[in-house]
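# Inside the fold
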Amino acid sequence: MSAAPRAVGPRQRSSFRSQTPRIGLCRGLAARRILASIRLLSLTISEMNDGLRAPVWALQIRRVSLAAAILCVLAFAWTSRRWLLVGDASLMHYVTFLMARGMVPYREIVDVNLPGSYAVEWAAIHLFGAGSAGWRVFDLALGGLAAGAMAWTAGPEDGMAGLLAGLVFVLVHGRDGMNELGQRDLVMAVLLVWAAGCLRQAVLRFRREGFGPRRDGMRLVLLAGLAAGAALTIKPTAAIFWAAMLAWLLWEVEESVRLRVGLVNLAGFLVAPLIAVGYLVHWGAVGAFWRITTGLIPFHNQLVRRPVSYLVLHPLPSSLMPVLVLWVVVLGLRRKEGLRLLRPEESLAAVGFLCGLASLLVQRKALPYHRYPADTFFLLLAALSFARSLRERGRERWAGAAGILVLGFLVAPQCLMKTLPLHAEPDDFSGLLERDLTALGGAGLDRRIECVDFTSGCVTTLYRMRVEESTGFLYDCYLFEPATNAVVRGYREEFREEVMARPPEVIVLSNQDCERRAGFDKVDRWPELAAWLGREYRVERQVTPPGLVRWASTTVAPASYRIYVRK
């Protein structure tokens, strides 16, 4: 007789199943990963959807607002396609040009930017080209990367809102004009919002024990550190963001992995700074970099500073103030209804926003691009809050809907309209100066010309002509500050040794005087230079461009230039 079948215990049942052949897609590793991804997606959606599901009309509001923002961005990209390479970007391009000619930053090129800025510039030039069209494409690519990171950080349920916030940021950046294309703070903001996205996704993976391998979360933690470290090599204020976001990460993960997570993130954060140090050591520029870091950079940061009261009253661009008001309303309604004030992704965006405000306070200049990190994280925070409110009931839902509509149908078109009048005249400073310098020798002026200017356009002109300056001095602001400052005296002495010891054939002097009233009499604040110019040179010509400068929303009078030719 056959034995009666025995009951199968848990261990035996598991063993029996392990021996049963699997069928279909479940056989391979790929199938298991697909199933795990599906489960991750469903759990992510359920975690993010704290309240009710949004009604159909709310979803339609998100879609039409996103469509409006997309149309505005496309119109902006088309109408700004001929924007020129001007301002800080032309200075950085020129530094890259001088480096290609063999000059070493800090040791031979006197500049206050950090090594990461040169790396970004070099990469953009080699990827997109050395002209203004390539720089325009690079700037739009940065905007696309910011929008993608914000959508990824928002997650699948609110990704549409995150994308809307990113597109609005592109337009907020665009309203600042061609002076701000590809700015260092813009690159830093993109890196930091990607770092935030990596941390948010890492936390989601750490909470999914049983699927989604932990090593994936650790990779994201490492990538976040790499991005934040790269931002640090562009501006030191990135350290504020890194420290705060790491604290957020350690708060969100379970205690058992905190030490490992912190060390992995720190390791990634140190990579880019160590590469920058290696670069300085390789070119023998450590000493020069240290002198500039401890002398010229602190002095530069003291120039044209705003009072703290101004920064407190103007934390965001005027275009975003209606969004700020609606966001405060949403939080007020949320508190009254007893809902959790901020979800994890909202709290991460809030951390980034507060760090952006801290960065603005540290720099205290309130130039448009200094607000970009704060703008990025605030728009992400507001969009996340509005999207969540659409899934609630009552007045909060209406406030969230109003916020989404304001982003798509008020802020986006308003910023677009401010970009439409912007353009560069063919007879602007650089255009006229290039003609005059071509008549004086053009390419033959290589290493025989010197600019005494800041950002009016002299260096821009030399870059267009691919003419190397006789020295590595790019800014004249420091020359005409009070000589009671030791940094000013040292800067003047170095300039004297290089320029006056080996006088160039041509000197271009602009009337731009940093934030003072424009005038060529600025040279009188350094009597030795004024006397030397009168003794060694004659004025070939003085030119004031006829048109107004429309590089930004504020139209200003053009700068003038004076050409000195050696007697």
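Residues numbered from 1 in each chain as written. Predicted model: local features only at pLDDT ≥ 70, side-chain atom pairs only at ≥ 80, totals over all residues. Heavy atoms only, no water.

### Looking at the packing of helix 14 (residues 344-363) against helix 15 (residues 372-389)
The interhelical angle for the contact between helix 14 and helix 15, taken along N-to-C directions, is 150°, at an axis separation of 8 Å. Judged by the angle between their axes, helix 14 and helix 15 are roughly antiparallel. Classified by chirality, the crossing of helix 15 by helix 14 is left-handed. Across the interface between the two elements, E345, E346, A349, A350, G352, F353, G356 and L357 from helix 14 touch A374, F377, F378, L380, L381, L384, S385 and R388 from helix 15. (Axes fitted to C-alpha atoms, helices over the stretch in contact; angles between N-to-C directions. Helix = DSSP H or I, 4+ residues; strand = E, 2+ residues; numbered from the N terminus. Parallel < 35°, antiparallel > 145°, perpendicular 65-115°, else oblique. Left-handed = near helix turned anticlockwise from the far one by under 90°. Contact = heavy atoms within 4.5 Å.)

### Describing the sheet that holds strand 2 (residues 506-510)
Ordered by their spatial adjacency, four strands build an open sheet running 1-2-4-3, and the pairing between neighbours is mixed. Edge positions in the sheet fall to strand 1 (449-452) and strand 3 (537-543), since each has one partner strand and no second. Neighbour to neighbour, the strand axes of the sheet diverge by 20° on average, direction disregarded. Sheet topology note: the strand 1/strand 2 ladder contains four bridges and is parallel. (Pairing = 2+ DSSP bridges.)

### Notes on helix 6 (residues 132-174)
Compared with an ideal rise of 1.5 Å per residue, which puts 43 residues at 63 Å, helix 6 spans 15 Å between its outermost C-alpha atoms and falls more than 12% short. At P156, helix 6 shows its largest bend, some 145°. (Expected span 1.5 Å × (residues − 1). Bend = angle between axes of the 7 residues up to and from the residue.)

### Side note on the state of the cysteines
Overall, the coordinates contain two disulfides when judged by the stated rule. The side chain of C451 participates in a disulfide bridge whose partner is C458; the two sulfur atoms lie 1.9 Å from each other. Looking along the S-S bond of the C451-C458 disulfide, the torsion reads about -70°, which is the left-handed sense. Just as C451 is buried, C458 falls in that class too. (Disulfide = S-S within 2.5 Å. Buried < 20%, exposed > 50% of the residue type's maximum accessible area, 1.4 Å probe, protein only.)

### Section: the confidence of the model for the protein chain
Summing up the model confidence of the protein chain, the mean pLDDT is 88 and the portion of residues at 70 or higher is 89%. Scored below 50 in pLDDT, residues 1-51 makes 42 contacts in the model with residues more than four places away or belonging to other chains. (pLDDT = per-residue confidence, 0-100.)

### Thoughts on the pattern of salt bridges
Counted by the stated rule, this structure contains 27 salt bridges. Two residues, R101 and D446, come together in a salt bridge whose shortest N-O distance is 2.6 Å. With R101 in the loop between helix 4 (87-100) and helix 5 (115-128) and D446 in the loop between helix 17 (429-439) and strand 1, the pair connects residues that are 345 residues apart, well separated along the chain. Take R101: its relative accessible area is 32%, and that puts it in the partly exposed class. Under the relative-accessibility criterion, D446 is labelled partly exposed at 22%. Overlapping salt bridges, with partners in common, bring together R62, E157, D158, R200, R334, R343, E345, E346, R388, R391 and E396 in one network. (Salt bridge = Lys/Arg side-chain N within 4 Å of Asp/Glu carboxyl O.)

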